[in-house]
Amino acid sequence: MARGRLRIYLGAAPGVGKTYAMLTEGQRLRSLGADVVVGFVEPHGRRPTAALADGLETIPRRTLTHRGAVFTEMDLDAVLARRPQVALVDELAHSHVPGTRNAKRWQDVEELLAAGVDVVTTLNVQHLESLNDLVRQITGVRQRETLPDEVARRADQIELVDLPPEVLRRRMVHGDVYPPDRIESALTHYFRVGNLTALRELALLWLADRVEEGLQRYRAEHGISAPWETRERILVSLSGGPEGETLIRRAARISARTPGTELLALHVIPEDGLTAVDPGVLDAQRTLLESLGGSYHQATGEDVVDALLQFAEAENVTQIVLGASRHGRLASFLRAGVGARTIKGSGPIDVHIVTHEEAAGSAALRLPRPSRGLGPRRYWSALAGAVVLLPVLTLLLTALRDHLSLAGDLVIYLLVVVVVALAGGLYPALLAAVAAALLAGYYFTAPVHSLAMERADEITALVVFIATAALVGTAAGAAAQRTHQAVRATSEARALSRLAAAVMRGQDLPALVEQIRENFGLSAISLLERDPEASPVPRWYVVASAGERPPERPYEADVESPVDDTLTLAARGSGLSTEDQRVLAACAAELGLAHARGRIAGRSGGTDTFTETERTRASLLLAAGRDLRAPLRTAEEALVRLRGRLAGERAQEAAQLLDTARAAVHRAAQLVTDLDDLSRLHAGALDLYLRPVDLNEVLGAALDDLGPGGHSIVLRLPEQLPDVIADAALLTRALTALGADALRHSPPDRPPVFYAQVRGDRLVIRVEDGMPEQRTESSTLPSRAPGTRKADSLALRLSRDLAEAMDGTLETTADGPAFSVTLTLPSCAPGGGATSDRDG
């Protein structure tokens, strides 16, 4: 039986429309004649989503009781018995109630796929196990339900259901995601714009990685090694020389000509981890590269060209930028340069040779430097050289037998032994010395072609030759070993200092892990964290990773380096020596410090944000309580008096008391509305539409909203006023709140006054409590001394935030008992004119 196909609708957060998209696909398949059933769908009370399931056959759910509560789960056996072509199964990462056959819903889906049933399902990115810890750092919420990444990777098709954060928040405000009692908490916590943006980026990047994996898998399966120019990738080869900056800038100019081009740079380190370049030069070139938007990489290899081409093939590079050779003609004649060899082996990759000031700067012949350090390759290369050189040298010396004495022959043999000692150390030198002595005794001492010796001086010469060769081999081997150890120690210190500097600069964990992977030439590496609460079976999370298919469990790695009780560094690749593992342990400790520092910084930032949020909320609640107390007390007193006088007082007085009570209650309701609007404004859930607005129309609407009491407001406005740039609804809301606040604090015989005046490109509106008798009519706004009375009331807080949302300001001033508020907003054009008094 053919295995079913899995299709996943991936979303960055709840409410983006994953279930809706799944049901839409089910209806489409049904219209094409496919046998589609609903195995499990959770509409979360959203009517459009529930309505979309109409017409689709739904398998009844299985009812379970757990701890006295009733739950429903998908009836897996019923779906398997029904054997549809396609099953719609919502919430792939869901954990089942104890008592079901499988603990996770994805395990049910696996059984359906194994039975040949195609499954269409949904998944939120925060439920992916590899991203779980990162999502917790972003949102502060730990997801208990997780899905192994491997399950999602095996999907035949993954489709992203995406919504911009602002659109999702508007859906939330309109009640399309959560019920009303959860909207406010969701907007101010999990559904903040920053959280949604970060989750959206995670979903896009994770899906992009899956697309890249699919492309690489396809190329591997079909044996495609040539680069596919899905996008331009330009690689700069950095040798560590002064020409590096010229190459980087030249590559950046090439990259700028094609949008979407990726710029990379590679520095090849010798296979033994040594480098003869100035690290300061490389650091400066890396800084320049990153400032131009490129990424820096290192690779390990004995041959620069081989390492360069292997990296280019692995990264699907389309162009390589190299510097012109710095060697002279004679050196280039003896050995082809890096540029020529790269062009020869590049295949379809374009190679740019860039000239620079250092090109062919020295015409002198430079002998190839011997490889540094000792190892199996040098050991066997030295032995092979001795096997080849000694017979060839013997043939030459045999031809010159009549011109050289035994002493001359031994000196020439000694030269070969010294070369072997420098290349391979003591033991190859000893073997070469013994072989040379035997050849000299057999071919150049009497009797010839016999190892028997007749002259004592010849025996002495051979013994001295062997002793000299042994001493020279010992000295050369010890010197090479000490050189190897010293330079390796320098290389280790440089690698650790580079990593420590990156940690101090605050570089993120993925970049640090990638740097370690490149330094050790590993194929993949992961920093894993164990969940301390998962017992007895350990549960691991990937904190950061690099390379292809990094290990997700310690036992999946070739090398493991524990950091502490919960952190470990797991690597996959060629086996590391004991010294390499020691350095890797030091790098793992640096990663542990960086991880701990990041957690502390995250907690500190979260604590500061939480503290500020709580302080603001407490201030708002205090202001709301203070403003609510007086109208509610008035309402209570009026209602009590009404109750006592209804029987014996006139109906007119009862009606007046009833009006007073109703006005007070209305004021209390208005304060609650103000508090709700202020909370929505802070959450960024209020839509803003800025346009030219007639201030007279807005004031008229505000007076209408104030009701009968608003007719006691005096308006002092110029005859000609320019339109103000604002949101008409929000400006009306702000002026209504300011007018109501001014009416409440003005004496009955001194109504509040609204002024308006143009100052440059701004329109200034001032609201003053009462109207002092000495005030004269003037278009110039009165000046007041700064004051703080009522400056933290709810109405003023709401008006100030609304003004700032419209690119305006609001200031309060006081002069004794008098109080005024100045609202400044941008206007369409400067204006002015005579002032007129009007009653609202």
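Residues numbered from 1 in each chain as written. Predicted model: local features only at pLDDT ≥ 70, side-chain atom pairs only at ≥ 80, totals over all residues. Heavy atoms only, no water.

**With respect to the overall build of the protein**
Line of reasoning, step 1. Each helix and strand in the protein was counted, giving 24 helices and 25 strands.
Line of reasoning, step 2. Burial statistics for the protein: of 840 residues in total, 44% are counted as buried.
Line of reasoning, step 3. The long-range share in the protein, meaning contacts at least 24 apart out of those at least 6 apart in sequence, stands at 71%.
Line of reasoning, step 4. As presented, the protein carries roughly 42600 Å² of accessible surface, and 56% of it is formed by carbon and sulfur atoms. (Helix = DSSP H or I, 4+ residues; strand = E, 2+ residues; numbered from the N terminus. Buried < 20%, exposed > 50% of the residue type's maximum accessible area, 1.4 Å probe, protein only. Contact = heavy atoms within 4.5 Å. Areas by Shrake-Rupley, 256 points an atom, 1.4 Å probe, with all protein chains shown as cover.)

**Some points on the sheet that holds strand S12 (residues 319-323)**
Line of reasoning, step 1. Pairing within the open sheet is parallel, and its five strands lie in the order S11-S10-S9-S12-S13. One side of each edge strand has no neighbouring strand; the edge strands of this open sheet are strand S11 (295-300) and strand S13 (350-354). If you compare each strand with its neighbour and ignore which way they point, the axes differ by 25 degrees on average.
Line of reasoning, step 2. In this fold helix H10 (residues 244-256) packs onto strand S9 (233-237), strand S10 (262-269), S12 and S13, with an angle of close to 170 degrees to the strand it touches most, S9.
Line of reasoning, step 3. Against the sheet, helix H12 (residues 304-314) contacts S9, S10, S11 and S12, and its axis sits at roughly 150 degrees relative to S10. (Pairing = 2+ DSSP bridges. Axes fitted to C-alpha atoms, helices over the stretch in contact; angles between N-to-C directions.)

**Considering the environment of Phe465**
Line of reasoning, step 1. Mapped onto the secondary structure, Phe465 falls in helix H18 (residues 456-504).
Line of reasoning, step 2. You can call Phe465 buried: its relative accessible area is 5%.
Line of reasoning, step 3. Phe465 sits 55 residues away from Leu410 along the chain, and the two C-alpha atoms are 7.0 Å apart.
Line of reasoning, step 4. The contact partners of Phe465, leaving out residues within four places of it in the chain, are Leu410, Tyr413, Leu414, Val417, Ala433, Ala436 and Ala437.

**Considering the packing of helix H23 (residues 728-745) against helix H24 (residues 794-805)**
The axes of two packed helices give the description: the angle between them and the distance between them.
Line of reasoning, step 1. Packing of H23 against H24 leaves a shortest axis separation of 9 Å and a crossing angle of 155 degrees. Our classification of the angle between H23 and H24 gives roughly antiparallel. Crossing angle aside, the handedness with which H23 passes H24 is left-handed. Contacts from Leu730, Arg733, Ala734, Ala737, Leu738 and Asp741 of H23 reach H24 at Ala795, Leu796, Leu798, Ser799 and Leu802.
Line of reasoning, step 2. Looking at the contact of H23 with H24 residue by residue, the classes come out as eight nonpolar, one polar and two charged. (Parallel < 35°, antiparallel > 145°, perpendicular 65-115°, else oblique. Left-handed = near helix turned anticlockwise from the far one by under 90°. Nonpolar A, V, L, I, M, F, W, Y, C, P; charged D, E, K, R; others polar.)

**What to know about the pairing of strand S19 (residues 714-718)**
Line of reasoning, step 1. With respect to burial, S19 is a largely interior element, five of its five residues being buried.
Line of reasoning, step 2. Burial of the side chains of S19 extends over both faces: Val714, Arg716 and Pro718 are buried on one face and Leu715 and Leu717 on the other.
Line of reasoning, step 3. Taken together, the three bridges between S19 and strand S21 (residues 753-759) define a ladder with parallel strand orientation. Note on S21: the bridge partner recorded for Leu715 is Phe754.

**Focus: empty space enclosed by the protein**
Line of reasoning, step 1. Within this structure, the stated rule accounts for four cavities of 30 Å³ or more.
Line of reasoning, step 2. Of the pockets and cavities examined, the largest cavity occupies roughly 60 Å³.
Line of reasoning, step 3. In this structure, the largest cavity is lined by Glu129, Ser130, Pro148, Asp149, Trp540, Tyr541, Val542, Glu552 and Arg553.
Line of reasoning, step 4. Among the elements that take part in the lining of the largest cavity, strand S15 (residues 540-547) stands out by supplying three residues, more than any other.
Line of reasoning, step 5. Residues that form the lining of the largest cavity fall into these classes: four nonpolar, one polar and four charged. (1 Å grid on protein atoms, 1.4 Å probe; cavity = no way out; pocket = protein on both sides within 12 Å on 5 of 7 lines; lining within 4 Å. Points joined across faces, edges and corners; volume = space filled by probe spheres on them.)

**Here's the deal with the environment of Val698**
Line of reasoning, step 1. With respect to the element layout, Val698 can be found in helix H22 (residues 695-706).
Line of reasoning, step 2. Setting aside residues up to four positions removed in sequence, Val698 forms contacts with Val693, Leu731, Thr732 and Leu735.

**Points about the packing of aromatic side chains**
Line of reasoning, step 1. With the rule as written, the count across this model stands at zero aromatic pairs.
Line of reasoning, step 2. Lying across the ring of Phe40, Arg105 places its NZ or CZ 3.8 Å from the centre. (Phe/Tyr/Trp six-rings, centres within 6.5 Å; stacked < 30°, edge-to-face > 60°. Lys NZ or Arg CZ within 6 Å of the ring centre and 35° of its normal.)

**Side note on H12**
Line of reasoning, step 1. For H12, the complete set of buried residues consists of Val305, Ala307, Leu308, Leu309, Phe311 and Ala312.
Line of reasoning, step 2. Here the buried face of H12 lies against S9, S10, S11, S12 and helix H14 (338-345).
Line of reasoning, step 3. Within two residues after H12, Asn316 carries a phi angle of roughly 55 degrees, on the positive side.

**A closer look at H23**
Line of reasoning, step 1. Along its 18 residues, H23 runs 26 Å from first to last C-alpha, staying within 8% of the 26 Å computed at 1.5 Å per residue.
Line of reasoning, step 2. Burial analysis of H23 places 13 of its 18 residues in the buried class, the great majority of the element. (Expected span 1.5 Å × (residues − 1).)

**Quick notes on the pairing of S15**
Line of reasoning, step 1. Along S15, six of the eight residues are buried, which leaves the element largely enclosed by surrounding structure.
Line of reasoning, step 2. The pairing of strand S14 (residues 524-530) with S15 spans seven bridges and is classified as antiparallel. Bridge pairing in S15 places Arg530 opposite Trp540.

**Structural notes on the packing of H12 against H14**
Line of reasoning, step 1. With their axes 10 Å apart at the nearest point, H12 and H14 run at an angle of 40 degrees to one another. The orientation of H12 with respect to H14, classified from their angle, is oblique. You can see that H12 and H14 cross each other, and the crossing is right-handed. Packed against H12, whose contacting residues are Val304, Val305, Leu308 and Leu309, the element H14 presents Val338, Arg341, Thr342 and Gly345 at the interface.
Line of reasoning, step 2. The class makeup of the residues in the contact of H12 with H14 is five nonpolar, two polar and one charged.

**A word on the nonpolar core**
Line of reasoning, step 1. Counting residues in hydrophobic clusters, the biggest one holds 61 residues, and the most contacted among them are Leu88, Leu112, Leu123, Leu128, Leu147, Met172 and Phe191.
Line of reasoning, step 2. A per-element tally of this core places helix H9 (residues 193-221) first, with five residues.
Line of reasoning, step 3. When residues no more than four places from it in sequence are discounted, the contact partners of Phe191 are Ala13, Pro14, Leu168, Arg169, Met172, Tyr178, Ala186 and Leu196.
Line of reasoning, step 4. Val724, Ala728, Ala742 and Leu823 belong to the second largest nonpolar core, which has 37 residues in total. (Core = buried A, V, L, I, M, F, W, Y, C linked by side-chain atoms within 4.5 Å.)

**Thoughts on the side chain of Ser561**
Line of reasoning, step 1. Inspection of the secondary structure assignment puts Ser561 in strand S16 (residues 559-562).
Line of reasoning, step 2. Among all residues touching Ser561, those that are not within four sequence positions of it are Thr568, Leu569, Leu584, Ala585 and Ala588.

**Looking at the sheet that holds S15**
Line of reasoning, step 1. Strand order in this open sheet of four strands is S15-S14-S17-S16, and the pairing throughout is antiparallel. The outermost strands of the open sheet, each flanked by one partner alone, are S15 and S16. Direction aside, the axes of adjacent strands within the sheet are offset by 20 degrees on average.
Line of reasoning, step 2. In the sheet, S16 pairs with strand S17 (residues 567-572) via four bridges, with the strands oriented antiparallel. Paired with Glu560 across the bridge in S17 is Ala570.
Line of reasoning, step 3. Across the sheet, helix H19 (residues 509-520) lies against S14 and S15, angled at about 55 degrees from S15, the strand it touches most.

**Focus on the pattern of salt bridges**
Line of reasoning, step 1. Counted according to the given criterion, the structure contains 22 salt bridges.
Line of reasoning, step 2. Notably, a salt bridge pairs Asp35 with Arg82, separated by 2.8 Å at the nearest N-O pair. Residue Asp35 is located in the loop between helix H1 (18-31) and strand S2 (36-40), and its partner Arg82 is located in helix H3 (residues 76-82); the two are separated by 47 residues in the primary sequence.
Line of reasoning, step 3. By relative accessible area, which is 25% here, Asp35 ends up partly exposed. (Salt bridge = Lys/Arg side-chain N within 4 Å of Asp/Glu carboxyl O.)

**Focus on the confidence of the model for the protein**
Line of reasoning, step 1. Of all residues in the protein, 74% attain a pLDDT of 70 or more, and the chain-wide mean is 77.
Line of reasoning, step 2. For residues 360-373, every residue scores under 50 in pLDDT, and the model assigns this stretch 20 contacts once sequence neighbours within four places are set aside.
Line of reasoning, step 3. Ignoring residues within four places in sequence, the model shows residues 774-789, a span with pLDDT below 50, making 42 contacts including any to other chains. (pLDDT = per-residue confidence, 0-100.)

**With respect to unusual backbone geometry**
Line of reasoning, step 1. The backbone phi angle of Arg83 is positive, close to 50 degrees, even though this residue is not glycine.
Line of reasoning, step 2. With respect to the helices and strands, Arg83 occurs in the loop between H3 and strand S6 (86-89).
Line of reasoning, step 3. Under the relative-accessibility criterion, Arg83 is labelled partly exposed at 44%.
Line of reasoning, step 4. Although it is not a glycine, Asp807 sits at a positive phi angle of roughly 65 degrees.
Line of reasoning, step 5. Mapping Asp807 onto the fold places it in the loop between H24 and strand S23 (809-815).

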